[in-house]
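Given next are the chains, with one letter for each unit.
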Amino acid sequence: MRQPCLASDKSVNTVTLMDEIIKAELLSIGTIDVEESLLPPRRTSTAGPGMGLQSIFFASGGLRVRLDVTKDSPLKMVRKNDHVVIIRDNQEIVEGNIEEVVAHCPDQVYITISERCIYDCQFCSVPKSEGKIKTRAEILAIVEKARKNGKLKVISLTSGIAVSPDDEIDRVVEVVKALAPYGVPIGVAVHPVKDSSWKLKDAGVTEVKYNVETMDPEIFDRVCRGRKGHTLEFILESLREAVEVFGKNRVSSNIIIGLGETDECVRKGVEYLAKMGVIPVLRPISLSPLRREELKTTIRPSPEGLMKLVEMTREILRKYGLSVSESRTMCLACTGCDLTP
């Protein structure tokens, strides 16, 4: 079996294309120091745990990975001829190209509507920010620009909770209705409320994502603070209804890896979701500096741990007849932050 490139003999200067093993190694680190001339115009994330962090998308071997840009990373990206290489310990480990970001990620117009949240989930930096709430006109302008540039293939929307979950669903529904005439798939990742799936479907949404964050009830209660009755059980009920509304392979949910959960908890959670027709997205934790003091015990998963979990997930998805390749929007279509089966 070929050894992972990051762990290979330093005397061998082998450059190769990315495969799952190399991607797992990169995701386990999650950061990269990028040569200044290679950095695209500064664009920081406005969504979720990575809000405020600058990132870069690297493509190689038909795979994609998103890495946060920081000077103190053990990984370094430099230019080499007409492409780029990633280096660790002075050794070139993988070659590829930087991908252009349309809006938040490649190939999608991915927009955060409300860049603020009334909840205080410890892994997420959005509640620490008083970000803006984009108007419908601002959102339409972003989409129209992508259309004029020939880059409008998919629209994905996510949102914090500016006032209340119900108010946010109403805001998202109005935005979707305005975007539906563009005739492209629309994915929405939001916090559910009663009948939110029906409202979103009627507005024109193609796929939906309601994040459980963790399938460990004790961890959920500890890190997902102040959700005012919107419990893990409620999110699972909402996901079950979403499958009835949108169908299999059209509903997904993030499970964060690195909050202190066991592999067995992840396995049971993945099977629970897959059995009801939901595709789990295993997301290595990425902490903003705004949250590091609150979650000191979090550990980004090892490459071996990620490979074990993705193989397990692949088998479970196959068992329940789910296919990631059918997903057209959001994280399952992007794959940059996760080792997607």
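Everything numeric in this text was worked out from a predicted model, so none of it was measured.

Draft legend 1. Spatial organisation of the overall build of the protein chain. When helices and strands are counted, the protein chain shows nine helices and 15 strands. At 19 Å, the protein chain has a C-alpha radius of gyration in line with the 20 Å of a compact globule built from 341 residues. Projected onto its principal axes, the C-alpha positions of the protein chain cover 60 × 45 × 40 Å. Counting across all 341 residues of the protein chain, residues that qualify as buried make up 56%. Taking the contacts inside the protein chain whose residues are at least 6 apart along the sequence as the reference set, 71% of them involve residues at least 24 apart. Accessible surface for the protein chain amounts to roughly 15,000 Å². Of this, 50% is attributable to carbon and sulfur atoms. The positive charge centre, built from 48 side chains, and the negative charge centre, built from 48, are 3 Å apart in the protein chain.

Draft legend 2. Here's a closer look at the pattern of salt bridges. Going through the model one piece at a time under the given rule, you end up with 26 salt bridges. Between Lys194 and Asp195 there is a salt bridge whose closest N-O contact spans 3.4 Å. Through salt bridges that share partners, Asp33, Glu36, Lys71 and Lys76 make up one connected network.

Draft legend 3. Structural detail: helix H4 (residues 196-203). Of the positions making up H4, those classed as buried are Ser196, Ser197, Leu200 and Ala203. What you see down the axis of H4 is that its buried residues fit within an arc of 130°, all on one side. The inward-facing, buried residues of H4 contact helix H3 (165-179), strand S11 (186-189), strand S12 (207-209) and helix H6 (232-246). Count one or two residues on from H4 and you reach Gly204, which has phi positive near 125°.

Draft legend 4. Summary view of the sheet that holds S11. Taking strand neighbours across the sheet as the criterion, the seven strands line up as S7-S8-S10-S11-S12-S14-S15 in an open arrangement whose pairing is mixed. Looking along the sheet, the strands with just one partner apiece sit at the ends: strand S7 (104-105) and strand S15 (279-284). Here S7 pairs with strand S8 (residues 108-112) via two bridges, running antiparallel. Following the sheet pairing, His104 is matched in S8 by Val109. Against the sheet, helix H8 (residues 303-319) touches strand S14 (251-257) and S15, its axis set at about 175° to S15.

Draft legend 5. Geometry of the environment of Asn254. Mapped onto the secondary structure, Asn254 falls in strand S14. What makes Asn254 buried here is its relative accessible area of 7%. Counting along the chain gives 25 residues from Asn254 to Ile279, while the straight-line C-alpha distance between them is 8.8 Å. When near neighbours in sequence (up to four residues on either side) are disregarded, Asn254 contacts Lys209, Asn211, Val212, Glu213, Val281 and Arg283.

Draft legend 6. Local environment of the nonpolar core. Judged by nonpolar contacts, the single largest core of 69 residues is most densely connected at Phe123, Leu157, Val188, Leu200 and Leu239. In this structure, Leu157 is in contact with Tyr110, Ile111, Ile113, Val175, Val176, Leu179, Gly187, Val188 and Ala189, ignoring residues within four places of it in sequence.

Draft legend 7. Region of interest: unusual backbone geometry. Notably, Asn81 is not glycine yet its phi reads approximately 60°, a positive angle. Turning to its location among the elements, Asn81 is positioned in the loop between strand S4 (75-80) and strand S5 (83-88). Overall, Asn81 belongs to the exposed group, its relative accessible area being 65%. Phi at Thr335 takes a positive value of approximately 75°, unusual for a residue other than glycine. Along the polypeptide, Thr335 turns up in the segment after helix H9 (330-334).

Draft legend 8. View of the sheet that holds S5. Strand order in the closed barrel made by the six strands is S1-S3-S2-S6-S5-S4, with mixed pairing throughout. This sheet shows a mean twist of 50° between the axes of neighbouring strands, independent of strand direction. Where helix H1 (residues 20-29) meets the sheet, its contacts fall on strand S1 (31-34), strand S3 (63-69), S4, S5 and strand S6 (91-98), and the angle it forms with S3 comes to roughly 15°.

Criteria and cut-off values
Residues numbered from 1 in each chain as written. Predicted model: local features only at pLDDT ≥ 70, side-chain atom pairs only at ≥ 80, totals over all residues. Heavy atoms only, no water. Helix = DSSP H or I, 4+ residues; strand = E, 2+ residues; numbered from the N terminus. Rg over C-alpha atoms; globule rule 2.2 N^0.38 Å. Buried < 20%, exposed > 50% of the residue type's maximum accessible area, 1.4 Å probe, protein only. Contact = heavy atoms within 4.5 Å. Areas by Shrake-Rupley, 256 points an atom, 1.4 Å probe, with all protein chains shown as cover. Lys, Arg positive; Asp, Glu negative; His and termini not counted. Charge placed at Lys NZ, Arg CZ, Asp CG, Glu CD. Salt bridge = Lys/Arg side-chain N within 4 Å of Asp/Glu carboxyl O. Arc of directions from axis to C-beta. Pairing = 2+ DSSP bridges. Axes fitted to C-alpha atoms, helices over the stretch in contact; angles between N-to-C directions. Core = buried A, V, L, I, M, F, W, Y, C linked by side-chain atoms within 4.5 Å.

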